Amino acid sequence: MRDLEKLGDAAVAALAAAGMERLLPDAASPYLLIAEHAGNVVPGPWRDLGLAEPYLGTHFATDIGVDALTRRLSRALRAPAVIARYSRLFLDYNRPADEWDFMRPDLGGIPVPGNLAVDATDARLRKLVAWAPVERAIVEAAAGRRALITVHSFTPVMGGVRRDVDIGVLWREQSPFVNSVLKTLRIHGTEAGLRIGDNEPYDWRQAVGYTLNRHGLQQGRPCLYLEVRNDLLADPETFERVSRMLEAAFAIVAISLWPQSAVAI
């Protein structure tokens, strides 16, 4: 990875273009969907950060199931989406740059060799290829949207404790949007046999979340982090059940709050 200084402008631009994808940019939905942790790719010049390939398939590297779920919701709701393809081990867009896990040095005690001594050149290049394109895409796509939803998944067990929710709605500031989502998901989730968490399994009021602080709250846009237990997304049958419930719930919320720009499904 010491050859990073040799990367030219064209190579950096190509890596930046490959690290982000926009879906349905011209759709009229009131929502913008964002998936910061959808990918597990490390750009070639960084040689998988010195990790064995299986590590890049773990929750440390990516939110399992989120890529497929975001694409499904985008199609069903006719909503634009911004999907980050690079692993959060390479750079975690949802963390402020001064946080330790912006380029985390370990996987629960297992070192990430390529992140142990990130110098200024390395950090600058990572921001150019993994941070700047996502930032620009969200700024552009969020213009005129009524609400932002970032799509994440979480592990069934954390620190030896089993989580007792299936889907979580994380919020920092209440709004008619947040309240409507919680109410609607509780109704439809119960019917689908799914447990809905209110600021569970994480409480956004007690945590750092760059994406929605920057593009949601600071811009006066209603927003929430949607968290789905990742084993539900790994099984085709439960993936279908969860997807259908979320599609219906978010369609109902949009129609009730912004009927002129919402899509009925």
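Higher on the page you've got the structure.
Conventions and cut-offs
- Residues numbered from 1 in each chain as written.
- Predicted model: local features only at pLDDT ≥ 70, side-chain atom pairs only at ≥ 80, totals over all residues.
- Heavy atoms only, no water.
- Axes fitted to C-alpha atoms, helices over the stretch in contact; angles between N-to-C directions.
- Helix = DSSP H or I, 4+ residues; strand = E, 2+ residues; numbered from the N terminus.
- Left-handed = near helix turned anticlockwise from the far one by under 90°.
- Contact = heavy atoms within 4.5 Å.
- Nonpolar A, V, L, I, M, F, W, Y, C, P; charged D, E, K, R; others polar.
- Phe/Tyr/Trp six-rings, centres within 6.5 Å; stacked < 30°, edge-to-face > 60°.
- Buried < 20%, exposed > 50% of the residue type's maximum accessible area, 1.4 Å probe, protein only.
- Lys NZ or Arg CZ within 6 Å of the ring centre and 35° of its normal.
- Pairing = 2+ DSSP bridges.
- Right-handed = clockwise from strand over helix to strand, strands pointing away.
- Core = buried A, V, L, I, M, F, W, Y, C linked by side-chain atoms within 4.5 Å.
- Expected span 1.5 Å × (residues − 1).

Engineer: Any details on the packing of helix 1 (residues 9-18) against helix 3 (residues 120-142)? Residues and values, ideally.
Structural biologist: Where helix 1 contacts helix 3, the axes come no closer than 8 Å and their chain directions differ by 35 degrees. The handedness of the crossing between helix 1 and helix 3 is right-handed. Facing helix 1, whose interface residues are V12, L15 and A16, helix 3 presents L125, L128, V129 and P133. The class makeup of the residues in the contact of helix 1 with helix 3 is seven nonpolar, no polar and no charged.

Engineer: Any chance you could break down the packing of aromatic side chains for me, citing the residues and the numbers?
Structural biologist: Here the structure, examined in full by the defined rule, presents ten aromatic pairs. Where W131 meets Y210, the ring centres are 6.3 Å apart and the plane angle is 50 degrees; that geometry is what we call tilted. One end of the pair, W131, is in helix 3; the other, Y210, is in helix 5 (residues 210-215), and 79 residues separate them in sequence. For W131, a relative accessible area of 25% puts it in the partly exposed group. Feature note: the residues Y31, F177, F250 and W258 constitute an aromatic cluster, connected by ring pairs. The ring of W171 carries R205 above its face, with NZ or CZ at 4.6 Å from the centroid.

Engineer: Tell me what's going on with the pairing of strand 9 (residues 167-170), and back it up with residues and numbers.
Structural biologist: Every regular strand shows the same layout, with side chains that alternate between the two sheet faces. The side-chain alternation of strand 9 yields two buried faces, one formed by I167 and V169 and the other by G168 and L170. The pairing of strand 9 with strand 10 (residues 196-198) spans three bridges and is classified as parallel. In the strand pairing of strand 10, G168 is matched with G197. Tracing the backbone out of strand 9, into helix 4 (residues 176-191) and back to the parallel element strand 10 gives a crossover that is right-handed. Across four bridges, the pairing between strand 9 and strand 11 (residues 223-229) is antiparallel. Each residue of the ladder has a partner; that of V169, found in strand 11, is L226.

Engineer: Kindly report on the nonpolar core, identifying the contributing residues and their values.
Structural biologist: The biggest cluster of nonpolar side chains holds 41 residues, and the ones touching the most others in it are Y31, I149, I167, F177, M245, L246 and F250. Counting residues per element, this core draws most heavily on helix 7 (residues 236-257), at nine residues. With 21 residues, the next largest nonpolar core counts L15, L49, L51 and L125 among its residues.

Engineer: Now, about helix 2 (residues 66-77): what can you tell me, with residues and values included?
Structural biologist: A rise of 1.5 Å per residue sets the reference length of helix 2, with its twelve residues, at 16 Å; its end C-alpha atoms lie 16 Å apart and thus fit the reference within 8%. When helix 2 is considered as a whole, its buried residues turn out to be V66, L69, T70, R72, L73, S74, A76 and L77. R78 occupies a position one or two residues after helix 2 and carries a positive phi of about 55 degrees.

Engineer: Give me the lowdown on the environment of E53, citing residues and values where you can.
Structural biologist: If you trace the backbone, E53 turns up in the loop between strand 2 (31-35) and helix 2. Residue E53 is classed as exposed on the basis of its relative accessible area, which comes to 56%. In this structure the C-alpha to C-alpha distance between E53 and F102, which are 49 residues apart in sequence, comes to 21 Å.

Engineer: Tell me about the sheet that holds strand 1 (residues 20-23), and name the residues and values.
Structural biologist: Backbone hydrogen bonds hold the strands of a sheet together, and the pairing may be parallel or antiparallel. The strand order 1-3-2-6-11-9-10 describes an open sheet built from seven strands, whose pairing is mixed. Since the sheet does not close on itself, it has two edges, and those belong to strand 1 and strand 10, each with one partner. Recorded for the sheet is a direction-independent mean angle of 20 degrees between the axes of neighbouring strands. In this structure, strand 2 lies alongside strand 3 (residues 81-84), joined through three bridges in parallel fashion. Note that in strand 3 the partner of I34 across the bridge is V82. Helix-sheet contacts for helix 4 involve strand 2, strand 6 (147-154), strand 9, strand 10 and strand 11, and the interaxial angle to strand 10 is about 155 degrees.

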